[in-house]
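Per-entry structural report
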Amino acid sequence: MPISAGCLTCDDNARLGSLPSRDHIAADRYWRAAHAFGTGMPGWLVVVPLRHVTAIAELTDAEAAVLGQWQVRLSRALHSVTGCAKTYVAQFAESEGFSHVHFHVIPRMSDLPPERRGPGVFGMLGRSEDEGLGHARRDEMADRIREHLEPPPW
């Protein structure tokens, strides 16, 4: 699997077998699901391709074919675990050090303040480790989500 030097996602993908729960909720031959860091929202997930890709148009047909299934399976697991009203799915891959394509799958809780709904939810990202969820909480959420993740249809 091609990786890119200096890419955090590629570095993690290269260590797939030794990643903690928070960084490896589940994976298949194309994608890996992880709990996002730098957020105070339990269940904020990212889905990343296992090879270095910087634009959606670079995905292979095989990668694209299972992406939607990942998003739906993770959304269902999040609903079961968090009781969220719905999930948001977003992709930008523009921040410095994060150009590797990744899809955010974000639980939108029913009590989320109006100013944090829609694109405003990204105001809850970019927190320091002290402000965000710690490793133990993200590992706990990852384990719970894994337990509720439906088996892949393929």
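Reference entry: report on the structure contained in this document. (Residues numbered from 1 in each chain as written. Predicted model: local features only at pLDDT ≥ 70, side-chain atom pairs only at ≥ 80, totals over all residues. Heavy atoms only, no water.)

What about the nonpolar core?
The condition is simple: To form a nonpolar core, buried Ala, Val, Leu, Ile, Met, Phe, Trp, Tyr and Cys residues must be joined to one another through side-chain atoms within 4.5 Å. For every residue, the accessible area (1.4 Å probe, protein chains only) is compared with the maximum for its type, and the residue is labelled buried under 20%, exposed over 50%, or partly exposed between those bounds. The helix count covers DSSP runs of H or I at least four residues long, the strand count covers runs of E at least two residues long, and both are numbered beginning at the N terminus.
Formed by 24 residues in total, the largest nonpolar core has its most connected members in Ile25, Trp31, Leu45, Val47, Trp70, Leu74 and Ile145. Among the elements that make up this core, the one with the highest residue count is helix H2 (residues 61–82) (7 residues). Among the nonpolar cores identified, the runner-up in size contains 11 residues, and Met41, Trp44, Val46 and Val48 belong to it.

As for the packing of aromatic side chains
Rules: Side-chain rings of Phe, Tyr and Trp, where Trp is taken by its six-membered ring, are said to pair if the distance between their centres is within 6.5 Å; with planes under 30 degrees apart they count as stacked, over 60 as edge-to-face, and otherwise as tilted. The rule is short: NZ of Lys or CZ of Arg within 6 Å of the ring centre and within 35 degrees of the ring normal puts a charge over the ring.
Scanning the model with the defined rule gives 3 aromatic pairs in all. For the ring pair Trp31 and Phe103, a centre distance of 6.0 Å and an interplane angle of 65° mean the geometry is edge-to-face. Of this pair, Trp31 sits in strand E2 (residues 31–35) while Phe103 sits in strand E5 (residues 103–108), and the two are 72 residues apart along the sequence. Taken individually, Trp31 and Phe103 each receive the classification buried, so the pair is uniform in this respect. Considering the side-chain rings of Trp44 and Phe122, the 5.4 Å spacing of their centres and the 85° angle between planes classify their relative orientation as edge-to-face. With Trp44 in the loop between E2 and strand E3 (45–49) and Phe122 in the loop between E5 and helix H3 (135–148), the pair connects residues that are 78 residues apart, well separated along the chain. One Lys or Arg, Arg73, reaches over the ring of Trp70 and ends 4.8 Å from the middle of that ring.

Observations concerning the environment of Ile106
Definition in use: The criterion used for residue contact is that any of the two residues' heavy atoms lie within 4.5 Å.
Inspection of the secondary structure assignment puts Ile106 in strand E5. Under the relative-accessibility criterion, Ile106 is labelled buried at 0%. Taking C-alpha positions, Ile106 is 10 Å from His79, a pair spaced 27 residues apart along the chain. Sequence-distant contacts of Ile106, defined by excluding residues within four places in its chain, comprise Met41, Trp44, Lys86, Thr87, Tyr88, Val121 and Phe122.

What about the state of the cysteines?
For clarity, the threshold we go by: Any two cysteine sulfur atoms lying within 2.5 Å of each other are counted as a disulfide.
Going through the model one piece at a time under the given rule, you end up with 0 disulfides. Just so you know, Cys7 is unpaired, no disulfide at all, and the nearest cysteine sulfur is the one on Cys10, 3.7 Å from it. What makes Cys7 buried here is its relative accessible area of 6%.

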